[in-house]
Amino acid sequence: MAKITIKNLSKNFGLLKVLNNIDITVQDKEFVALVGPSGCGKSTLLRMIAGLETLSAGDIIVDDTVVTNTPAQRRDLAMVFQSYALYPHLKVSENIGFPLKMRGLPKAEIAEKVENAANILKLADYLDRLPKHLSGGQRQRVAMGRAIVRSPKAFLFDEPLSNLDAKLRIHMRSEIRGLHDELGATSIYVTHDQVEAMTMADRIVVMHGGIIEQVGTPMELFDRPKNVFVAGFLGAPT
Ligand code: ADP
Ligand code: MG
């Protein structure tokens, strides 16, 4: 997939400074979690990477291309939201194929890509069902399918599991990480759940009040937290 570089990024909403001088490099095939308390700017940052929000300063670079002013649909990055972001009136196959239909791909090509994604996600037997007749885990897989069919340069996850019950959430952590490995993907994964980040990510970016407190592997952060905030955040119960 691709390497993603965030350079000197800042974001204000009017007088509200939401992000300050953020620098992050996500390597090709890396799984990086962005963690931090609610309101610290995680979703805003992810939306800027996706091209859904303008920057106040800085750059977003995909491989060697500056995409700061490139529209979202030409960045080839796939956002994955909570499972309830499915279209309730569309069948599983139509939900998965939706981004391709929007692009105007021929029907046969859409069908082939949907089938391929459904096989990877173990959804082949459910293609004719409506989302309301699926389990929570299956719905989450459909949301993943919609991202996979586009063959994106990276996956951008915004708290994709926060809508699921505790048991399923734990199961889906390993499913998503397994899929990332299987596809050789590059993933940026936003969560406020430090356990999720610790169990899934190659590296974790700990954010707080619009700045980065620390970046490291789960082990590095656990063994050598840079400050009281990082230690407290990672040690707090879910
Ligand atoms: P997180 O995802 O970490 O919970 P967000 O990125 O959603 O945080 O929000 C960070 C801050 O930016 C919050 O104070 C939020 O209220 C503010 N914010 C987010 N989007 C907007 C917007 N479109 N206009 C004004 N303020 C916003
Ligand atoms: Mg958020």
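Residues numbered from 1 in each chain as written. Chains lettered and ligands numbered in written order. Predicted model: local features only at pLDDT ≥ 70, side-chain atom pairs only at ≥ 80, totals over all residues.

### As for the overall build of the chain
And step 1. Within the chain, the secondary structure is distributed over eight helices and ten strands.
And step 2. By the compact-globule yardstick of 18 Å for 238 residues, the chain fits well, its C-alpha radius of gyration being 18 Å.
And step 3. Every one of the 238 residues in the chain was classed for burial, and the buried ones make up 39%.
And step 4. Considering only contacts within the chain whose residues lie at least 6 apart along the sequence, 67% involve residues at least 24 apart. (Helix = DSSP H or I, 4+ residues; strand = E, 2+ residues; numbered from the N terminus. Rg over C-alpha atoms; globule rule 2.2 N^0.38 Å. Buried ≥ 20, exposed ≤ 12 C-beta atoms within 10 Å, placed from the backbone. Contact = placed C-beta atoms within 7 Å.)

### A closer look at the sheet that holds strand β8 (residues 187-191)
Paired through their backbone hydrogen bonds, the strands of a sheet run either parallel or antiparallel.
And step 1. One open sheet holds the six strands; their spatial order is β6-β7-β8-β3-β9-β10, and the pairing between them is mixed. Pairing within the sheet leaves two strands with one partner each, and these edge strands are β6 (77-80) and β10 (211-216). The average angle at which neighbouring strand axes cross in this sheet is 20°, direction not considered.
And step 2. Summarising the sheet, strand β3 (residues 31-35) and β8 pair through five bridges and their orientation is parallel. Within β8, the residue paired with Val-35 across the bridge is Thr-191. (Pairing = 2+ DSSP bridges. Axes fitted to C-alpha atoms, helices over the stretch in contact; angles between N-to-C directions.)

### Thoughts on the site of ligand 1
And step 1. In the vicinity of ligand 1, the residues found are Phe-13, Leu-16, Val-18, Gly-36, Ser-38, Gly-39, Cys-40, Gly-41, Lys-42, Ser-43 and Thr-44.
And step 2. Counted by class, the shell around ligand 1 contains four nonpolar, six polar and one charged residues. (Near = placed C-beta within 6 Å. Nonpolar A, V, L, I, M, F, W, Y, C, P; charged D, E, K, R; others polar.)

### Remarks on the packing of helix α2 (residues 92-102) against helix α4 (residues 136-148)
And step 1. Following both chains from N to C, one finds α2 and α4 inclined at 35°, their axes separated by 7 Å at the closest point. Crossing of α2 over α4 shows right-handed handedness. For the pair formed by α2 and α4, the contact residues are Val-92, Asn-95, Ile-96, Phe-98 and Pro-99 on the first element and Val-142, Gly-145 and Arg-146 on the second. (Left-handed = near helix turned anticlockwise from the far one by under 90°.)

### Digging into the nonpolar core
And step 1. Counting residues in hydrophobic clusters, the biggest one holds 59 residues, and the most contacted among them are Ala-33, Ile-49, Val-80, Ala-154, Leu-156, Ile-188 and Tyr-189.
And step 2. When sequence neighbours within four positions are dropped, the list of residues in contact with Leu-156 reads Leu-46, Ile-49, Ala-50, Leu-77, Ala-78, Met-79, Val-80 and Ile-188. (Core = buried A, V, L, I, M, F, W, Y, C linked by C-beta atoms within 7 Å.)

### Some thoughts on the environment of Arg-224
And step 1. Tracing the backbone shows Arg-224 in the loop between α7 (218-223) and α8 (228-235).
And step 2. A C-alpha to C-alpha distance of 32 Å links Arg-224 and Leu-183, two positions 41 residues apart in sequence.

### Topic: the packing of α4 against helix α5 (residues 166-183)
Packed helices, taken two at a time, are described by the angle between their axes plus the distance between the axes.
And step 1. Taken N-terminus to C-terminus, the directions of α4 and α5 make an angle of 30°; their axes are 11 Å apart at the nearest point. Relative to α5, the element α4 lies roughly parallel. In the packing of α4 onto α5, the handedness of the crossing is right-handed. Across from Gly-136, Gly-137, Gln-140 and Met-144 in α4, the residues of α5 making contact are Leu-168, His-171, Met-172 and Leu-179.
And step 2. In terms of residue class, the contact of α4 with α5 is made up of four nonpolar, four polar and no charged. (Parallel < 35°, antiparallel > 145°, perpendicular 65-115°, else oblique.)

### Let's talk about the sheet that holds strand β4 (residues 57-62)
And step 1. Read from one edge of the open sheet, four strands run β2-β1-β4-β5, paired in antiparallel fashion. Whereas interior strands pair on both sides, the edge strands pair on one side only; in this sheet they are β2 (16-26) and β5 (65-66).
And step 2. Two elements, strand β1 (residues 4-13) and β2, share seven bridges in a ladder whose sense is antiparallel. Along β2, the bridge assignment pairs Phe-13 with Leu-16.
And step 3. Each of β1, β2 and β4 is contacted by helix α1 (residues 42-50), which is oriented at about 120° to β1, the strand it contacts most.

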